[in-house]
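Okay, here's what each chain looks like letter by letter:
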Amino acid sequence: MTHDPRPFGRLLTAMVTPFAPDGSLDVEGAAKLATYLVDEQRNDALVISGTTGESPTTSDAEKDTLLRAVVEAVGDRARVVAGVGTNNTAHTVELAHAAEKAGAHGLLVVTPYYNKPPQAGVARHFLTVADSVGLPIMVYDIPHRAGTAIATETMCRIAEHDRIVAVKDAKGDLIASSWVTTRTDLAYYSGDDAATLPLLSIGGVGLVGTSTHFTGPIAKDMIEAYERGDVAAALNLHRQALPLFTGIFRSPGTMLVKAGLRAKGLPAGPVRSPLVDAADEELNQLREDAAEAGIVL
(Lines give C-alpha, C1' and ligand atoms only; values in the text may rest on other atoms or scores of the structure.)
Protein backbone atom coordinates (compact mmCIF):
# COMPACT_ATOMS: atom_id res chain seq x y z
CA MET A 1 0.00 0.00 0.00
CA THR A 2 1.37 3.41 -0.98
CA HIS A 3 0.42 6.31 1.26
CA ASP A 4 0.78 10.07 1.07
CA PRO A 5 4.46 10.58 2.01
CA ARG A 6 3.46 13.38 4.40
CA PRO A 7 -0.09 12.51 5.49
CA PHE A 8 -0.12 15.17 8.21
CA GLY A 9 2.21 17.71 6.61
CA ARG A 10 5.69 18.51 7.89
CA LEU A 11 5.13 20.26 11.21
CA LEU A 12 2.69 19.36 13.96
CA THR A 13 2.51 20.58 17.53
CA ALA A 14 1.22 18.47 20.40
CA MET A 15 -0.95 21.26 21.77
CA VAL A 16 -1.37 21.89 25.48
CA THR A 17 -4.94 22.04 26.74
CA PRO A 18 -5.80 25.48 28.13
CA PHE A 19 -7.63 25.50 31.44
CA ALA A 20 -9.44 28.32 33.23
CA PRO A 21 -8.05 29.51 36.58
CA ASP A 22 -10.43 27.12 38.35
CA GLY A 23 -9.04 24.18 36.37
CA SER A 24 -11.99 23.75 34.02
CA LEU A 25 -11.57 23.43 30.27
CA ASP A 26 -11.02 26.79 28.53
CA VAL A 27 -12.78 26.19 25.23
CA GLU A 28 -12.37 29.73 23.91
CA GLY A 29 -8.70 29.67 24.89
CA ALA A 30 -8.20 26.39 23.06
CA ALA A 31 -9.55 27.89 19.85
CA LYS A 32 -7.34 30.95 20.26
CA LEU A 33 -4.24 28.87 20.96
CA ALA A 34 -4.92 26.61 17.98
CA THR A 35 -5.23 29.67 15.74
CA TYR A 36 -1.90 31.01 17.02
CA LEU A 37 -0.18 27.67 16.39
CA VAL A 38 -1.45 27.43 12.83
CA ASP A 39 -1.29 31.06 11.75
CA GLU A 40 1.82 32.24 13.61
CA GLN A 41 3.80 29.07 14.34
CA ARG A 42 3.17 27.63 10.85
CA ASN A 43 1.88 24.23 11.89
CA ASP A 44 0.37 21.99 9.23
CA ALA A 45 -1.52 20.01 11.86
CA LEU A 46 -2.20 19.91 15.58
CA VAL A 47 -2.33 16.94 17.92
CA ILE A 48 -5.08 17.36 20.50
CA SER A 49 -5.29 15.34 23.73
CA GLY A 50 -1.79 13.92 23.59
CA THR A 51 0.29 13.62 26.74
CA THR A 52 1.32 17.27 26.36
CA GLY A 53 -2.41 18.03 26.28
CA GLU A 54 -2.79 16.38 29.70
CA SER A 55 -4.92 13.58 28.30
CA PRO A 56 -4.43 11.45 31.46
CA THR A 57 -6.41 14.04 33.44
CA THR A 58 -9.11 15.10 30.98
CA SER A 59 -12.43 13.29 30.73
CA ASP A 60 -13.80 11.73 27.55
CA ALA A 61 -16.39 14.52 27.42
CA GLU A 62 -13.70 17.19 27.74
CA LYS A 63 -11.68 15.55 24.97
CA ASP A 64 -14.71 15.67 22.70
CA THR A 65 -15.46 19.31 23.50
CA LEU A 66 -11.81 20.30 22.98
CA LEU A 67 -11.57 18.49 19.65
CA ARG A 68 -14.75 20.09 18.31
CA ALA A 69 -13.53 23.56 19.31
CA VAL A 70 -10.17 23.11 17.59
CA VAL A 71 -11.69 21.62 14.44
CA GLU A 72 -14.06 24.58 14.24
CA ALA A 73 -11.20 27.07 14.77
CA VAL A 74 -8.57 25.73 12.36
CA GLY A 75 -9.91 22.62 10.67
CA ASP A 76 -10.36 24.45 7.38
CA ARG A 77 -6.60 25.11 7.07
CA ALA A 78 -4.86 22.51 9.23
CA ARG A 79 -5.35 18.87 10.05
CA VAL A 80 -6.49 18.05 13.56
CA VAL A 81 -5.23 14.77 14.96
CA ALA A 82 -6.99 13.42 18.03
CA GLY A 83 -5.06 11.55 20.67
CA VAL A 84 -7.18 8.53 21.52
CA GLY A 85 -4.61 6.11 22.92
CA THR A 86 -5.20 4.28 26.19
CA ASN A 87 -4.06 0.95 27.62
CA ASN A 88 -7.54 -0.47 27.08
CA THR A 89 -8.27 -1.45 23.49
CA ALA A 90 -12.04 -1.21 23.88
CA HIS A 91 -11.79 2.28 25.39
CA THR A 92 -9.41 3.37 22.65
CA VAL A 93 -11.92 2.21 20.03
CA GLU A 94 -14.66 4.22 21.78
CA LEU A 95 -12.50 7.34 21.76
CA ALA A 96 -11.60 6.75 18.12
CA HIS A 97 -15.27 6.56 17.14
CA ALA A 98 -16.02 9.75 19.09
CA ALA A 99 -13.10 11.58 17.46
CA GLU A 100 -14.19 10.53 13.99
CA LYS A 101 -17.71 11.75 14.72
CA ALA A 102 -16.34 15.08 16.06
CA GLY A 103 -14.49 15.80 12.82
CA ALA A 104 -10.90 14.73 13.48
CA HIS A 105 -8.72 14.28 10.40
CA GLY A 106 -6.57 11.58 11.98
CA LEU A 107 -5.82 9.70 15.18
CA LEU A 108 -2.74 9.38 17.39
CA VAL A 109 -2.65 5.99 19.11
CA VAL A 110 0.04 5.27 21.68
CA THR A 111 1.39 1.85 22.62
CA PRO A 112 -0.67 0.46 25.52
CA TYR A 113 1.13 1.52 28.67
CA TYR A 114 1.65 0.01 32.11
CA ASN A 115 0.15 -3.41 31.34
CA LYS A 116 3.13 -4.21 29.03
CA PRO A 117 1.48 -6.42 26.42
CA PRO A 118 3.55 -8.80 24.29
CA GLN A 119 4.18 -7.87 20.68
CA ALA A 120 1.19 -9.93 19.54
CA GLY A 121 -0.99 -7.85 21.83
CA VAL A 122 0.59 -4.60 20.68
CA ALA A 123 -0.14 -5.50 17.06
CA ARG A 124 -3.70 -6.57 17.80
CA HIS A 125 -4.35 -3.32 19.68
CA PHE A 126 -3.35 -1.12 16.75
CA LEU A 127 -5.02 -3.30 14.12
CA THR A 128 -8.27 -3.42 16.10
CA VAL A 129 -8.40 0.38 16.29
CA ALA A 130 -7.53 0.70 12.59
CA ASP A 131 -10.28 -1.76 11.66
CA SER A 132 -12.85 0.21 13.64
CA VAL A 133 -12.58 3.63 11.98
CA GLY A 134 -12.09 5.28 8.62
CA LEU A 135 -9.41 7.76 9.72
CA PRO A 136 -5.65 7.59 9.11
CA ILE A 137 -3.67 6.59 12.19
CA MET A 138 -0.33 7.77 13.54
CA VAL A 139 1.20 5.16 15.84
CA TYR A 140 3.06 6.60 18.84
CA ASP A 141 6.18 4.64 19.79
CA ILE A 142 7.46 5.96 23.12
CA PRO A 143 8.83 3.10 25.21
CA HIS A 144 10.22 5.25 28.02
CA ARG A 145 6.63 6.26 28.87
CA ALA A 146 4.67 3.24 27.68
CA GLY A 147 7.06 0.63 29.07
CA THR A 148 6.93 -1.35 25.80
CA ALA A 149 8.67 -0.61 22.52
CA ILE A 150 7.06 -1.49 19.20
CA ALA A 151 9.43 -4.05 17.70
CA THR A 152 10.58 -3.56 14.12
CA GLU A 153 8.75 -6.70 12.96
CA THR A 154 5.56 -5.53 14.67
CA MET A 155 5.81 -2.10 13.07
CA CYS A 156 6.29 -3.67 9.65
CA ARG A 157 3.33 -5.96 10.25
CA ILE A 158 0.88 -3.24 11.24
CA ALA A 159 2.14 -1.04 8.37
CA GLU A 160 0.32 -3.41 6.03
CA HIS A 161 -2.99 -1.94 7.24
CA ASP A 162 -4.08 0.80 4.85
CA ARG A 163 -5.16 3.15 7.66
CA ILE A 164 -1.92 2.93 9.65
CA VAL A 165 0.07 5.56 7.79
CA ALA A 166 2.49 7.28 10.16
CA VAL A 167 4.63 6.98 13.28
CA LYS A 168 5.42 9.49 15.99
CA ASP A 169 8.88 8.19 16.79
CA ALA A 170 10.13 8.80 20.32
CA LYS A 171 12.00 5.52 20.61
CA GLY A 172 15.45 7.08 20.35
CA ASP A 173 16.71 4.23 18.17
CA LEU A 174 17.63 5.54 14.73
CA ILE A 175 18.77 2.13 13.54
CA ALA A 176 15.41 0.53 14.31
CA SER A 177 13.61 3.47 12.74
CA SER A 178 15.82 3.23 9.67
CA TRP A 179 14.91 -0.41 9.19
CA VAL A 180 11.22 0.47 9.29
CA THR A 181 11.54 3.37 6.86
CA THR A 182 13.48 1.01 4.58
CA ARG A 183 10.90 -1.77 4.70
CA THR A 184 7.62 0.21 4.78
CA ASP A 185 6.14 3.45 3.51
CA LEU A 186 5.15 4.67 6.97
CA ALA A 187 5.66 8.41 7.37
CA TYR A 188 8.06 8.91 10.27
CA TYR A 189 7.63 12.03 12.41
CA SER A 190 10.07 12.77 15.18
CA GLY A 191 8.53 12.73 18.64
CA ASP A 192 11.64 14.41 20.06
CA ASP A 193 12.23 17.95 18.82
CA ALA A 194 16.04 17.71 18.90
CA ALA A 195 16.04 14.41 16.98
CA THR A 196 14.18 15.80 13.97
CA LEU A 197 17.18 16.49 11.75
CA PRO A 198 18.79 13.09 12.39
CA LEU A 199 15.47 11.39 11.65
CA LEU A 200 15.11 13.32 8.39
CA SER A 201 18.47 11.91 7.33
CA ILE A 202 17.12 8.35 7.44
CA GLY A 203 13.82 9.04 5.74
CA GLY A 204 11.74 10.93 8.30
CA VAL A 205 9.28 13.53 7.06
CA GLY A 206 8.64 15.92 9.93
CA LEU A 207 8.09 16.65 13.60
CA VAL A 208 5.37 16.38 16.19
CA GLY A 209 6.84 18.94 18.54
CA THR A 210 6.50 20.41 22.01
CA SER A 211 8.88 23.38 21.83
CA THR A 212 7.10 24.20 18.57
CA HIS A 213 4.60 26.20 20.60
CA PHE A 214 7.46 28.73 20.22
CA THR A 215 9.97 27.33 17.69
CA GLY A 216 7.51 26.49 14.92
CA PRO A 217 8.93 28.78 12.21
CA ILE A 218 12.51 27.63 12.85
CA ALA A 219 11.51 23.98 12.83
CA LYS A 220 9.46 24.39 9.65
CA ASP A 221 12.32 26.19 7.90
CA MET A 222 14.73 23.45 9.02
CA ILE A 223 12.57 20.68 7.58
CA GLU A 224 12.01 22.55 4.33
CA ALA A 225 15.73 23.35 4.00
CA TYR A 226 16.64 19.70 4.40
CA GLU A 227 14.02 18.66 1.86
CA ARG A 228 15.38 21.00 -0.78
CA GLY A 229 18.88 19.67 -0.21
CA ASP A 230 20.32 22.59 1.76
CA VAL A 231 21.75 20.47 4.56
CA ALA A 232 24.02 23.26 5.81
CA ALA A 233 21.06 25.60 6.32
CA ALA A 234 19.09 22.84 8.03
CA LEU A 235 22.00 22.18 10.37
CA ASN A 236 22.32 25.86 11.23
CA LEU A 237 18.61 26.03 12.07
CA HIS A 238 18.86 22.86 14.15
CA ARG A 239 21.72 24.39 16.11
CA GLN A 240 19.83 27.65 16.54
CA ALA A 241 16.77 25.94 17.98
CA LEU A 242 18.64 23.30 19.99
CA PRO A 243 18.64 25.23 23.30
CA LEU A 244 14.83 25.33 23.26
CA PHE A 245 14.38 21.98 21.51
CA THR A 246 16.02 20.47 24.59
CA GLY A 247 15.29 23.11 27.24
CA ILE A 248 11.54 22.63 26.98
CA PHE A 249 12.10 19.22 28.59
CA ARG A 250 14.16 20.33 31.61
CA SER A 251 10.86 19.78 33.45
CA PRO A 252 7.81 18.00 32.04
CA GLY A 253 7.13 19.75 28.74
CA THR A 254 3.51 20.60 29.54
CA MET A 255 4.57 22.59 32.60
CA LEU A 256 7.16 24.65 30.73
CA VAL A 257 5.03 25.22 27.64
CA LYS A 258 2.19 26.53 29.77
CA ALA A 259 4.59 28.78 31.70
CA GLY A 260 5.96 30.17 28.45
CA LEU A 261 2.52 30.72 26.98
CA ARG A 262 1.37 32.53 30.11
CA ALA A 263 4.46 34.73 29.85
CA LYS A 264 3.46 35.60 26.29
CA GLY A 265 -0.13 36.34 27.31
CA LEU A 266 -1.51 33.35 25.43
CA PRO A 267 -4.14 30.90 26.70
CA ALA A 268 -2.71 28.18 28.90
CA GLY A 269 -3.89 28.36 32.47
CA PRO A 270 -2.73 25.97 35.18
CA VAL A 271 -1.78 22.33 34.88
CA ARG A 272 -3.80 19.62 36.55
CA SER A 273 -2.50 17.43 39.37
CA PRO A 274 -0.27 15.44 39.54
CA LEU A 275 1.64 18.01 37.48
CA VAL A 276 2.47 21.30 39.17
CA ASP A 277 2.85 24.74 37.67
CA ALA A 278 6.42 25.71 36.81
CA ALA A 279 8.28 27.64 39.48
CA ASP A 280 9.72 31.10 38.82
CA GLU A 281 13.22 29.70 38.46
CA GLU A 282 12.02 27.20 35.88
CA LEU A 283 10.41 29.97 33.85
CA ASN A 284 13.57 32.07 34.11
CA GLN A 285 15.64 29.17 32.79
CA LEU A 286 13.14 28.66 29.96
CA ARG A 287 13.50 32.33 29.05
CA GLU A 288 17.28 31.91 28.92
CA ASP A 289 16.97 28.83 26.69
CA ALA A 290 14.56 30.69 24.43
CA ALA A 291 16.80 33.75 24.24
CA GLU A 292 19.71 31.53 23.18
CA ALA A 293 17.49 30.35 20.32
CA GLY A 294 16.61 33.94 19.43
CA ILE A 295 13.10 33.77 20.85
CA VAL A 296 11.64 36.19 23.41
CA LEU A 297 9.29 34.85 26.07
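Calculation notes
Residues numbered from 1 in each chain as written. Predicted model: local features only at pLDDT ≥ 70, side-chain atom pairs only at ≥ 80, totals over all residues. Heavy atoms only, no water. Helix = DSSP H or I, 4+ residues; strand = E, 2+ residues; numbered from the N terminus. Buried < 20%, exposed > 50% of the residue type's maximum accessible area, 1.4 Å probe, protein only. Contact = heavy atoms within 4.5 Å. Pairing = 2+ DSSP bridges. Axes fitted to C-alpha atoms, helices over the stretch in contact; angles between N-to-C directions. Right-handed = clockwise from strand over helix to strand, strands pointing away.

**Considering the environment of glycine 216**
Summarising the element assignment, glycine 216 is placed in helix H9 (residues 212–227). Owing to a relative accessible area of 0%, glycine 216 belongs among the buried residues under this scheme. Through-space distance from the C-alpha of glycine 216 to that of glutamine 41 is 4.6 Å; in sequence the pair is 175 residues apart. Apart from residues lying up to four places away in sequence, glycine 216 is in contact with Leu11 and Gln41.

**A look at the sheet that holds strand S6 (residues 164–169)**
If you walk around this closed barrel you meet the eight strands as S1-S2-S3-S4-S5-S6-S7-S8, and the pairing is parallel. In this sheet, neighbouring strand axes are inclined to one another by 25 degrees on average, regardless of whether the strands run parallel or antiparallel. As paired elements, strand S7 (residues 187–190) and strand S8 (residues 206–209) share two bridges and run parallel to each other. Each residue of the ladder has a partner; that of tyrosine 189, found in S8, is glycine 206.

**Some details on the pairing of strand S3 (residues 79–83)**
The element S3 is extensively covered by neighbouring structure, given that four of its five residues are classed as buried. Judged from the four bridges that link them, strand S2 (residues 45–48) and S3 form a sheet pairing that is parallel. Pairing of leucine 46 across the sheet is with valine 80, part of S3. With helix H2 (residues 60–74) bridging S2 and the parallel S3, this β-α-β connection has right-handed handedness. When S3 meets strand S4 (residues 106–110), the two strands line up parallel, connected through three bridges. Opposite glycine 83, over in S4, you have leucine 108 as the bridge partner. Of the crossover connections in this fold, the one passing from S3 over helix H3 (residues 89–102) to the parallel S4 is right-handed.

**Thoughts on unusual backbone geometry**
Going from serine 273 to proline 274, the amide bond is cis rather than trans, its omega being 20 degrees. Relative to the helices and strands, proline 274 resides in the loop between helix H11 (253–263) and helix H12 (280–292). With phi around 65 degrees, arginine 42 is a residue other than glycine that occupies positive phi space. Secondary-structure assignment places arginine 42 in the loop between helix H1 (27–39) and S2. Overall, the relative accessible area of 28% leaves arginine 42 in the partly exposed class. Even without being glycine, tyrosine 114 reaches a positive phi, approximately 75 degrees. Within the fold, tyrosine 114 resides in the loop between S4 and helix H4 (119–132). Among the residues examined, tyrosine 114 registers a relative accessible area of 75% and is labelled exposed.

In short, geometric facts, not functional conclusions.
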